[in-house]
Each structure stands twice: as C-alpha cells, then as structure tokens.
Amino acid sequence: MTSLRLDPKFALNPYLALGWQANPFALGEPVMAQSMWIDRGWSQAPAPAAQQLVQVMGDRGFGKTAHLRYWQAQTGGIYAYYPPGWGRFKVPPVQNIAYWDEADRIPKPLLLAALGQTARTRATLVAGTHTDLSPLAKLSGLAVKTICLPPLEAATLRVWAERQIQAVRLPAVSCGLELLPATVQEIAAIAQGSWRAAADELHIWAAAIAHQAVMGGRDRGDLVG
Amino acid sequence: MFEMHFHNKLVTVGNELSGKLIWYSPDHPLPRQARAFVHWYTEGRGDRDEQTIFTIPLEPEQLIRDQRVDIPFVVTIPHSGPITYNGSLIRVIWAVQAWVKLPRSSKRDNTQTWPFLVMPR
C-alpha cells in the first residue's frame, strides 16, 4: 500500500503546487474579465442614442454575452438577460443604450413594442441573439448592424489562456508549467468553436495538472522542470 | 491586521471548528467596521454559491490600537456539509474570512481568508 505524504497547504489549495493562487479558468469578477479582453475586431462599443439595432449573432459560447458586457462597461446603460421559460416574459428595457441578451427568447409582442419604443426615442439597442432580428427592427424604423462572431481559433485561445495563467501566478514562485500548443489545439478541437466549452476544458486540464503536481507526477508534457 | 490560529484545521461534518482570531495593528487607524465569519463557497465554472454558517461576534470597539486582542470562536460544522471538494470543474472551499473598513473608506480595506478542511465522517 502506498503512503501519500501531502503538504497540507496543497490539500487546501492544490493550485499552490503550480505557483498559482487558483484555477486560472475559474469564472471571476467582471472587472477581471475586462483586463483579460481579447480584441477580435469589435472592441469599440456601439454609439448610444443612434436609433439602431446592433445584433450580435453566433452559436452558443462564441462570445455574445462577453461582447455585450464589455461594451456595457464602456457605455453604461442597462443589461437584461432573457432566460428560458417564464423568466423571458419581462418588458425589455429601453434607454439611450440597452443590452438585451438572448433577445430571440423575448415574446414577439413584447419585442415589437420595445423595438418601436427604441425607434421612437432614437435609442440604441444591442442584442445578443441566435436568430436574425433585422426584419422586425427595420419594420420598426431602426437601422441595423449585424455582427457575426466567428468560432474560436486555437491561436487566440492560447493568447487568452496564457493571460489567464499570468493573472493567477503567485509572485516569486516558479511555475514549472507550459501550456503546450498541442494541448491548446486539442482543447480547441473539443470545444468546436465555443469559448465557454474551451474554458471548461482548460479548467479541467488545469485541475488535472494541479492534482498531478500535488501527487508529484511528471508524466504529462505540460509539466516541465 | 488579523492573524488566525486554528485549534484544528481539519474537521469532520457535525464536529466543532475552533480557533481564535487575533487583532494586532499598530500601523493602521482603528476600523469603523469589522466583520468575521465562517463560510463555504464554490469556485470554478458556473455561478458562485456561498453560505455563511457562523458570524464571529466582533465589534470595532473591541479592537484597540497597539494592543493584541484575542477573539476566540467555536462553530459546529453542519452534518449536511458540504465537504471540502477539489474537483475538475468546481471546488468547495471552507474558510474563515475577516474584513475591516477604515475611517473615511466605503470599501473593504483589508480582506483576509484562512481556509480549512471539512471532511466526511
């Protein structure tokens, strides 16, 4: 029978064994997300009060919510999320600039009324949506700009992942870990373009590496030294 | 500002965690607000969950400048847990946390956290 002698501090936080404060891919504060932003070509927020709909389209996990939240931090304005089920039956808010996330879930009568109000008050509406809202928006008198977010690429994922790791690194502690390009490629392939799925996979990868470091293993290429 | 001395850093559910919080802060003004509590929270993917199990009685008037103040506490960890967990997607972390607000400050000026382990019976 093998007897394990673990450092108690690693039982409390296994990531200390890698020189990290925590798992770099844990969901954190929105403020932290701002400093981790990766520009994909649409970092500039839409102009408020422009009698327009800016619709952000893309598959689940492609970054629609991240863009809405990033822009809202620049412009202010209200953010409203529409969950599945009864929670979607709420009147969409209209301000100089308003952000509606999962806007395709808004019941059509409420959507039409709010689009009309947006046009009448010459406001800007930014919508994260899976379906094209432009026919209804144009009918209501709004100019429409559509942004289609592309799937995640391995190179971009690697840049983001390295920043996340850097952010949790403890000062003056050597890390002994390298995020190998092959690992990123593998994770990007599993994620099928979704940032959320990629971050989940990276979180699992980091947990496994930390566990391995605590146990003293060195059989994965990601741990060096 | 605070130090923590646990009598037992590993506790099973249904048993007592005890220790003392020690205040000593010669370099800072006395806080106008102070709070210390025992809680668990989740960290990882998904929404954060959190529950405070016990608030350690602590009033700013107890804290005296240039003087060490011991604040002992005992708390029973619920039978229902949760237990400390280090998983692939989430962690469940138990900790004592203390924070103070200094005069003319609206935010928490010093938040300190001391984790401990909760194990199943």
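These figures come from a predicted structure and were not determined experimentally. (Residues numbered from 1 in each chain as written. Chains lettered and ligands numbered in written order. Predicted model: local features only at pLDDT ≥ 70, side-chain atom pairs only at ≥ 80, totals over all residues. Heavy atoms only, no water.)

> Could you give an account of the overall build of chain B, naming the residues involved and the relevant values?
A count of helical and extended segments in chain B gives zero helices and nine strands. Secondary structure elements in chain B, listed N-terminal to C-terminal, are β-β-β-β-β-β-β-β-β. Summarising its shape, the C-alpha atoms of chain B cover approximately 40 × 30 × 15 Å along the three principal directions. Scored against the burial criterion, the 121 residues of chain B give a buried share of 45%. (Helix = DSSP H or I, 4+ residues; strand = E, 2+ residues; numbered from the N terminus. Buried < 20%, exposed > 50% of the residue type's maximum accessible area, 1.4 Å probe, protein only.)

> Could you give me a rundown of the sheet that holds strand S3 (residues 16-23) of chain B, with the residues and numbers involved?
Residues and elements named next belong to chain B. What the three strands build is an open sheet, ordered S1-S3-S6; its pairing is antiparallel. The strands lining the two open edges of the sheet, one partner per strand, are strand S1 (2-6) and strand S6 (69-76). For this sheet the average axis-to-axis angle between neighbouring strands, irrespective of direction, equals 25°. Taken together, the five bridges between S1 and S3 define a ladder with antiparallel strand orientation. Residue pairing in the sheet places Glu3 in a bridge with Ile22 of S3. (Pairing = 2+ DSSP bridges. Axes fitted to C-alpha atoms, helices over the stretch in contact; angles between N-to-C directions.)

> Please provide a residue-by-residue account of the pattern of salt bridges, values included.
One pass over the full model with this rule turns up six salt bridges over all chains. Note that Arg45(B) and Asp200(A) form a salt bridge whose closest N and O atoms lie 2.6 Å from each other. Of this pair, Arg45(B) sits in the loop between strand S4 (33-44) and strand S5 (50-56) while Asp200(A) sits in helix H8 (residues 195-215), each in a different chain. According to the relative accessible area criterion, Asp200(A) is partly exposed, its value standing at 25%. Asp70(B) is the salt-bridge partner of Lys20(B), the closest N and O atoms lying 3.5 Å from each other. In this pair, Lys20(B) sits in strand S3 while Asp70(B) sits in strand S6, placing the two residues 50 residues apart along the sequence. Classification of Lys20(B) by relative accessible area gives partly exposed; the value is 24%. For Asp70(B), a relative accessible area of 36% puts it in the partly exposed group. In the salt-bridge network here, residues are joined through shared partners; they are Lys20(B), Arg68(B) and Asp70(B). (Salt bridge = Lys/Arg side-chain N within 4 Å of Asp/Glu carboxyl O.)

> Could you give an account of the sheet that holds strand S3 (residues 97-101) of chain A, naming the residues involved and the relevant values?
Note on sheets: strands pair through backbone hydrogen bonds, and any given pair is parallel or antiparallel. Residues and elements named next belong to chain A. Taken together, five strands build an open sheet; the order of strands is S2-S3-S4-S1-S5 and the sheet is parallel. In this open sheet, the two strands that pair with only one neighbour each are strand S2 (78-81) and strand S5 (143-148). Averaged over all adjacent pairs, the angle separating strand axes in this sheet is 15°, with direction ignored. Along the sheet, helix H4 (residues 108-120) makes contact with S3 and strand S4 (124-129), crossing S3 at roughly 160°. (Contact = heavy atoms within 4.5 Å.)

> Run through the nonpolar core, naming residues and quoting values.
Core analysis: the largest hydrophobic core is formed by 30 residues, its most contacted members being Phe2(B), Leu17(B), Leu21(B), Phe73(B), Val96(B) and Phe116(B). Listed by contribution, the elements that provide at least two residues to this core are S1, S3, S4, S6, strand S8 (90-101) and strand S9 (110-119) of chain B. The element best represented in this core is S8(B), accounting for five residues. Sequence-distant contacts of Leu21(B), that is, excluding residues within four places in its chain, are made with Phe2(B), Glu3(B), Met4(B), Ala36(B), Leu58(B), Val69(B), Asp70(B), Ile71(B), Phe73(B), Ala98(B) and Trp114(B). Listed in part, the 28 residues of the second largest apolar core include Phe25(A), Leu152(A), Leu157(A) and Ile209(A). (Core = buried A, V, L, I, M, F, W, Y, C linked by side-chain atoms within 4.5 Å.)

> Outline the interface of chain A and chain B, listing residues and values.
Taken together, the contact pairs 15 residues of chain A with 14 residues of chain B. Between chain A and chain B, roughly 1200 Å² of surface is buried when both sides are summed, and carbon and sulfur atoms account for 60% of that area. Sorting the residues of chain A by area buried against chain B places Leu12(A), Leu27(A) and His203(A) first, and these three jointly supply 46% of that buried surface. Counting across the chain A and chain B interface gives one salt bridge. Joining chain A to chain B, the criterion identifies seven residue pairs in polar contact (both at pLDDT 80 or more). Breaking the side of chain A that touches chain B down by element, the ones donating at least two residues are helix H1 (8-12) and H8 of chain A. (Buried area = accessible area lost by both parts, 1.4 Å probe. Polar contact = N/O pair within 3.5 Å; in protein donor to acceptor, adjacent residues only side chain to side chain.)

> So what's going on with helix H7 (residues 181-191) of chain A? Which residues, and what values?
Residues and elements named next belong to chain A. Turning to H7, its buried residues are Thr183, Val184, Ile187, Ala188 and Ala191. Within H7, the buried residues cover an arc of 130° as seen down the axis, which keeps them to one side. The exposed residues of H7 that point more than 90 degrees off its buried face are Ala182, Gln185, Glu186 and Ala189. Tucked into the core, H7 has its buried residues touching helix H6 (154-168) and H8. (Arc of directions from axis to C-beta.)

> Summarise the environment of Leu111(A); cite the residues concerned and give the values.
All names here are of chain A. Relative to the assigned elements, Leu111 resides in helix H4. Residue Leu111 is classed as buried on the basis of its relative accessible area of 4%. C-alpha separation for the pair Leu111 and Gln166, spaced 55 residues apart in sequence, amounts to 43 Å. In this structure Leu111 touches Trp100, Ile106, Leu133 and Leu136, once residues within four positions along its chain are discounted.

> Lay out the packing of aromatic side chains in plain terms, naming residues and giving numbers.
Residue and element names in this part refer to chain A. Counted according to the given criterion, the structure contains seven aromatic pairs over all chains. Between Trp86 and Phe89, the aromatic rings sit 5.5 Å apart at their centres with planes inclined by 40°, giving tilted as the arrangement. Classification of Trp86 by relative accessible area gives exposed; the value is 74%. Given the relative accessible area of 45%, Phe89 is considered partly exposed. The rings of Phe25, Trp160 and Trp195 are connected pair by pair, giving a single aromatic cluster. (Phe/Tyr/Trp six-rings, centres within 6.5 Å; stacked < 30°, edge-to-face > 60°.)

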